[in-house]
There are 2 protein chains.
Amino acid sequence: MIAMPAGQDGADTIETVRAFNRFYTNRIGVLDRAYLDTPYTLTEARVIYELAARGSTSASQLTEELSLDPAYLSRMLKAFAGKGMVDAAKDPADGRGRLLSLTENGRAVAADLATRSRESISTLIAPLDETERLALGASLGKATRLLGGGESSPAILLRDHRAGDMGRVIASQAKSYVETYGWNAEYEALVAEICANFLRNFDPSRERCWIAEQHGDLVGSIFLVKGGESTAKLRLLHVDAAARGHGLGTRLVTECIRFAQEAGYGRLELWTNDILTAARRIYQSAGFRLEKEEAHHSFGQDLVGQIWALDLEGWQAPVRLPEALSPASGTPATQPA
Amino acid sequence: MIAMPAGQDGADTIETVRAFNRFYTNRIGVLDRAYLDTPYTLTEARVIYELAARGSTSASQLTEELSLDPAYLSRMLKAFAGKGMVDAAKDPADGRGRLLSLTENGRAVAADLATRSRESISTLIAPLDETERLALGASLGKATRLLGGGESSPAILLRDHRAGDMGRVIASQAKSYVETYGWNAEYEALVAEICANFLRNFDPSRERCWIAEQHGDLVGSIFLVKGGESTAKLRLLHVDAAARGHGLGTRLVTECIRFAQEAGYGRLELWTNDILTAARRIYQSAGFRLEKEEAHHSFGQDLVGQIWALDLEGWQAPVRLPEALSPASGTPATQPA
DNA sequence: TAAAAATAGTTGACTCAGTCCAATAAATTG
DNA sequence: CAATTTATTGGACTGAGTCAACTATTTTTA
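Residue indices follow the written sequence of each chain, beginning from 1 at its first position. Naming scheme: in the order in which they are written, chains are lettered from A and ligands are numbered from 1. The predicted origin of the model limits local features to residues at a pLDDT of at least 70 and limits the giving and counting of side-chain atom pairs to 80 or more, whereas totals for whole chains, interfaces and linings rest on all residues. Think of the side-chain values as coming from all heavy atoms in the structure, minus any hydrogens and water.

1. Describing the pattern of salt bridges
In what follows, salt bridge is the name for a side-chain nitrogen of Lys or Arg lying within 4 Å of a carboxyl oxygen of Asp or Glu. Applying the stated criterion to the full structure yields 35 salt bridges over all chains. Between E193 of chain B and R200 of chain A there is a salt bridge, with the nearest N and O atoms lying 2.7 Å from each other. In this pair, E193 of chain B sits in helix α8 (residues 185-200) while R200 of chain A sits in helix α9 (residues 185-200), so the two residues belong to two different chains. A residue is classified by how much of its surface remains accessible, and E193 of chain B, at 23% relative accessible area, is partly exposed. Working definition: helices are DSSP H or I runs of at least four residues, strands are E runs of at least two. Numbering for both runs from the N terminus. Only protein chains enter the accessibility calculation, which uses a 1.4 Å probe; a residue whose area is less than 20% of its type maximum is buried, one above 50% is exposed, and one in between is partly exposed.

2. Notes on the packing of helix α2 (residues 42-53) of chain B against helix α3 (residues 59-66) of chain B
Residue and element names in this part refer to chain B. As a packed pair, α2 and α3 sit with axes 11 Å apart at the nearest point and diverge in direction by 120°. In terms of orientation, α2 and α3 fall into the oblique class. Read as a crossing pair, α2 and α3 show a hand that is right-handed. Here R46, V47, E50 and L51 of α2 come into contact with α3, specifically with L62, E65 and L66. All axes are obtained by fitting lines to C-alpha atoms, using only the stretch in contact for helices, and the reported angles, taken between N-to-C directions, cover 0 to 180 degrees. For this classification, under 35 degrees means roughly parallel, over 145 means roughly antiparallel, 65 to 115 means roughly perpendicular, and everything else is oblique. A crossing counts as left-handed when the near helix is turned anticlockwise from the far one by less than a right angle, and as right-handed when that turn is clockwise. Here a residue-residue contact requires only that any non-hydrogen atoms of the pair lie within 4.5 Å.

3. Observations regarding the protein's contact with DNA strand D
Residues are classed as near a molecule or strand on a simple rule: at least one heavy atom within 4 Å of it. DNA strand D sits among 20 residues. The nearest are Y72 and R96 of chain A together with S60, S74 and R75 of chain B. Backbone atoms, meaning sugar plus phosphate, form 71% of the atoms of DNA strand D positioned within 4 Å of the protein. Polar contact criterion, stated in full: a pair of N or O atoms within 3.5 Å, where within protein one must be able to donate a hydrogen and the other to accept it, and residues adjacent in sequence count only if both atoms are side-chain atoms. R98 of chain B has a polar side-chain atom sitting 3.0 Å from a phosphate oxygen of DNA strand D. With five residues, helix α4 (residues 70-82) of chain B is the single largest residue contributor to the surface near DNA strand D.

4. Some thoughts on helix α3 (residues 42-53) of chain A
Since there are 3.6 residues in each turn of an α-helix, residues three or four apart along the chain are aligned in direction. Expected helix span is computed as 1.5 Å times (number of residues minus one). For α3 of chain A, spanning twelve residues, the distance from its first C-alpha to its last is 16 Å, which sits close to the expected 16 Å at 1.5 Å a residue. For α3 of chain A, the full list of buried residues reads T43, E44, A45, R46, V47, I48, E50 and L51 of chain A.

5. A look at the environment of H297 of chain B
Residues and elements named next belong to chain B. On the secondary structure map, H297 appears in strand β8 (residues 289-298). With a relative accessible area of 55%, H297 lands in the exposed category. A distance of 3.3 Å separates the side chain of H297 from the backbone oxygen of Q301, its partner in a polar contact. At 2.8 Å, the side chain of H297 forms a polar contact with the side chain of D302.

6. Some thoughts on the interface of chain A and chain B
Many structure descriptions define interface size as the accessible area lost when the parts assemble. With 85 residues of chain A at the interface, the matching set in chain B holds 85 residues. Buried area: the accessible area, evaluated with a 1.4 Å probe, that two parts lose upon being put together, summed over both parts. Of the roughly 7,700 Å² buried at the junction of chain A and chain B (both faces included), carbon and sulfur atoms supply 66%. Taken together, chain A and chain B are joined by four salt bridges. The shortest N-O distance in the salt bridge between E15 of chain B and R118 of chain A comes to 2.5 Å. There are twelve residue pairs in polar contact (both at pLDDT 80 or more) connecting chain A and chain B. The class makeup of the residues in the side of chain A that touches chain B is 44 nonpolar, 18 polar and 23 charged. In this classification, the charged set is Asp, Glu, Lys and Arg, the nonpolar set is Ala, Val, Leu, Ile, Met, Phe, Trp, Tyr, Cys and Pro, and all remaining amino acids, among them Gly, are polar.

7. Description of the pairing of strand β4 (residues 208-214) of chain A
Walk down a regular strand and you will see the side chains alternate between the two sheet faces. Residue and element names in this part refer to chain A. Among the seven residues that make up β4, seven are buried, leaving the element largely enclosed by the rest of the structure. Residues of β4 alternate between two faces, with R208, W210, A212 and Q214 on one and C209, I211 and E213 on the opposite face, all of them buried. Here, any two strands with at least 2 DSSP bridges between them count as paired. Pairing of strand β3 (residues 156-160) with β4 involves five bridges; the strand directions are antiparallel. Residue pairing for β4: D160 is matched across the bridge by W210. Sheet topology note: the β4/strand β5 (residues 217-226) ladder contains seven bridges and is antiparallel. Among the inter-strand pairings, I211 is bridged to a residue of β5, identified as S221. Two successive antiparallel strands, β4 and β5, enclose a turn made up of two residues, where H215 displays a positive phi of approximately 50°.

None of this, on its own, says anything about what the molecule does.
Printed below as a string of structure tokens:
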């Protein structure tokens, strides 16, 4: 009746990758033979693409990047030069090397190849509907990034919440706290209640939720809700393990404080637990002071709850170098005594 | 402050696939040249793999599947036969064709190739931690399935809820109802409340949640909770668009009813809305009767709520052919008058 | 600073994976 | 039974990619 969880350990990953490899060589490899109906080989096309992508390069860089035989590449470039596709100028810095670049003509060929490549992929994904296309793009993008092919820029976007985001926040927080601290389902219930109340009573002018997204995945969040007369409450700060080390927590807290200030609140409060040291450091650096501590038993654990507060009057974001995230990097002046 | 949603339309998908293609040929293609340190070409290895995978085949099937030149394959098979790797028996059914199969020897070669392939991939994913490996497997698996390489078997598993599942349920339902029926955030709030209460008051002997998972994605869910003396409530039935057409809804409802019966309830109730016709059909086929209808304004819409009920005394699952899912497929005998 | 070693690229010679075309032989069709 | 189609094979070829040897520089080292 109830089946096993879909276990996928290391060995299983290998089999999945192997299956993908076979599938991909069968399906895509077909398109490569007489590359896209052009007089060029797949390898030639790769060289042309690489030349177009980098402004000008050396032959050795190309052999390196594309794992080509230097002799083979040399002949290929000679042929390209013969057709007026590439310019090979002496490298002024190094007499041995030559600087290669595409001519106008060569760039036209590159553009043509790119168009054909797009068309061929367009055919490939033709049977997919929009949702499936998005899923495919996300999957292959993620695979590329995981295998080290993507740019290293994290590109984390902050945006307002949309349909389904509360659920994603609940899921990511519950999973994280259960796995990291062994908290029980009570925590997921609490987060769900908070989120439900947020949606029910949401007042856009005085409340807000920030969703941090990276490549379409939710990687962090923070909420600001009314707490009383002129008091706002910061809630549910969370940064996913995968996105830590980029100052996202600080960024979220800063956004939140700034909005609270603009919305006219005088004081910002938050409740947290002492074991969440990373979060505490962020609060401290932002200027929060610890107001109260109290032991409690929740989420199946003995914990120490903490209430922190920040005076929003004249608050200014502490100056910190972007990406400088070591615990000591907060300027001491902004830390409470 | 607030950035654009990470828009990824059709054109964007194409670019992602192209980038992946380039990356993959550069990264993986390298491994292919002198295939895995064996005397075999990549193409030869593909043929060997295919022969190992199918018990016995014809040459024409291989050329078809791997897009090979028949002449080329013929020569290759001859060479394999010479080395005692393949057996080519006359096809009794068709005198023109021959049935190909690997010999003991050939199977040993296939096993060796598989091992080397696994090792090479193991190296490739060595820098990834466990979470990243799982993500890679999931991504490539999904890409394979999307592009039509996976087995068509849906393989939907039902299991109890785990940490984070409530969040996933909330997210998928909210997204789905907002997109399909234009419901507002009130609905997400309601689902979140229901889930929170479920977790808070969860009584494993009399309550239960089923999560339907396909390839690691949540594709459906259903809840059973206490409703009163001897009455149980069925809640939050949902089947994701991607998983419809496999009888999952019926399967979930059947599981739920069966559990309710075993748990000793006498009556099962549920609340739904008349616009959810697919769900209603499932309830009807299972034997539920419409007890009450009432117009209400919720989720930003004018809706008609319905209460359905089922007498659990002596209930038996209606007989239906597996995968026979057309609305009329429920046997009339089991449908309420 | 001169000799040795490494780097960047070129050229010649070669091979073998993969292609194209035609032939053969059995099976199917009209 | 002639005509056509399907399954496979053989001959002939080509050109992508490899290996080794060589020149021209630059860098290292003794």
